[in-house]
Every structure is written in structure tokens, then in C-alpha cells.
Amino acid sequence: VESLSGLLAGSEAAILVDYRSLNVAQMAALRRAVRETNAQLRVVKNTLFRRALAGTEAEPLSECVAGPVGVAFCRDDVGATAKALLEFQKTNEALQIKAAFADGRVYDAAQLVVRSTMPGRKELLGQLAYVLNAPVASLAHRLNEIITKLPRALSEVATSREGQAGWRPSSPPRRVDPRKRKTLQ
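Cut-offs applied
Residues numbered from 1 in each chain as written. Predicted model: local features only at pLDDT ≥ 70, side-chain atom pairs only at ≥ 80, totals over all residues. Heavy atoms only, no water. Core = buried A, V, L, I, M, F, W, Y, C linked by side-chain atoms within 4.5 Å. Buried < 20%, exposed > 50% of the residue type's maximum accessible area, 1.4 Å probe, protein only. Helix = DSSP H or I, 4+ residues; strand = E, 2+ residues; numbered from the N terminus. Contact = heavy atoms within 4.5 Å. Pairing = 2+ DSSP bridges. Axes fitted to C-alpha atoms, helices over the stretch in contact; angles between N-to-C directions.

Peer 1: Sorry if this is basic, but what is going on with the nonpolar core here?
Peer 2: Among soluble globular proteins, nonpolar side chains are generally buried collectively. In this structure, I15, L30 and L85 are the most contacted members of the largest nonpolar core, which totals 22 residues. Put simply, the parts of the chain that give this core at least two residues each are β1 (13-18), α2 (24-35), β2 (39-44), β3 (69-74), α4 (78-91) and β4 (96-102). For L85, the residues in contact, after removing those within four places along its chain, are I15, V17, L30, V34, A72, L95 and I97. With 17 residues, the next largest nonpolar core counts L7, L8, L61 and A99 among its residues.

This is how it looks when you write it as C-alpha cells:
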């Protein structure tokens, strides 16, 4: 009970699954898929899990504990773990998602499907970084554009004056070699 309570306390969410009719190889594949999302899948005894849930904010989840129960304890991203479980469920129909507890409320299987389609934490942080960076990148682009327009404008002025009468380009400045102090052409 203490180990389950510790897992619950250190988890952001808990997802209940019915693993009936999965063989050992399929269970190992399921555990591997869940572990890749920084979560842990544990097969629990119902009475012990109900005792671990007692007195915690996840206690409403105890109503969903019936039959063979596996619990995925999510440490980081609930959506990523839910996606992994749903992907596994596509190839192994014997796996059934029962319910989940996250953000202080209980989700049923349909609500968990919706939650898994939402972008994960990393994707949301990436989108936020893009939105915050866009004005700065736009300003840098505009300033660079101003700097590059000046030489083009001067070049256009020079080519337009070449055709005018009495205008001739100035001779290039003479360079002096500092070692010899002689004028170079």
C-alpha cells in the first residue's frame, strides 16, 4: 500500500486499464510503450489500490477499480501516455482503457481519447516559443532589410547619373602601403 501511495503522490496522473487476455509478450510490449512516455505500468490488487487511494484527491477513481486492473502512473505528460495506450490498443484490442485521474478529476475512456489528441507539453512549449520569438525575428528582418536597401539605392543613383552630361565618376582613392610609404595605383 505504501509503494502504491508513493507512486500516486509522485504522479501527475493515473490511468486504469483492463489487461485481460493479454499474453506475457504483449504485456511486456505495453510496459515498454508506457515506459517510453516516462510513466510506469503496474498490475495492482484492487483492495490494495483502493486502500492507497483512500484519503487522497484521487479517491473518486476507486469507483472504477473492478476486475483485473493495471495502472499507468504518469510522471510528466498525461497526453503522451494516453496516446501510447491508445496506439497499443489499436493493435491489441484486448486492452481496454477504463478511466483516468488527472488535474483533480476523473476522466472516462472517451474523455481520455479527447485529451490524448491535444498537443503535449513539449509541443505547447514549442508553439509558445515560436509566438514569443516571431516579433523579434520580424524586427530583425526589417532592420536587415533597411541596411541592405541603402547600398542598392546608392548603386541606382550612381547608374542613373552616369547617363547625365558632365558627370563622371571620381577616381578611386589611392592606397598607401604602410610598410613602404609608397602610393599604390
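Peer 1: Quick question: what am I supposed to make of the sheet that holds β1 here?
Peer 2: Pairing between the strands of a sheet is mediated by backbone hydrogen bonds and can be parallel or antiparallel. In space, the 5 strands of this open sheet follow the order β2-β3-β1-β4-β5, with antiparallel pairing throughout. In the strand order of this sheet, the two ends are held by β2 and β5 (105-108), each with one partner. Across the sheet, the axes of successive neighbouring strands diverge by a mean angle of 20°, strand direction being ignored. Those strands touched by α4 are β1, β2, β3 and β4, and its axis lies near 10° from that of β1. Sheet strands in contact with helix α5 (residues 109-117) are β1, β4 and β5, and its direction is about 95° off that of β5.

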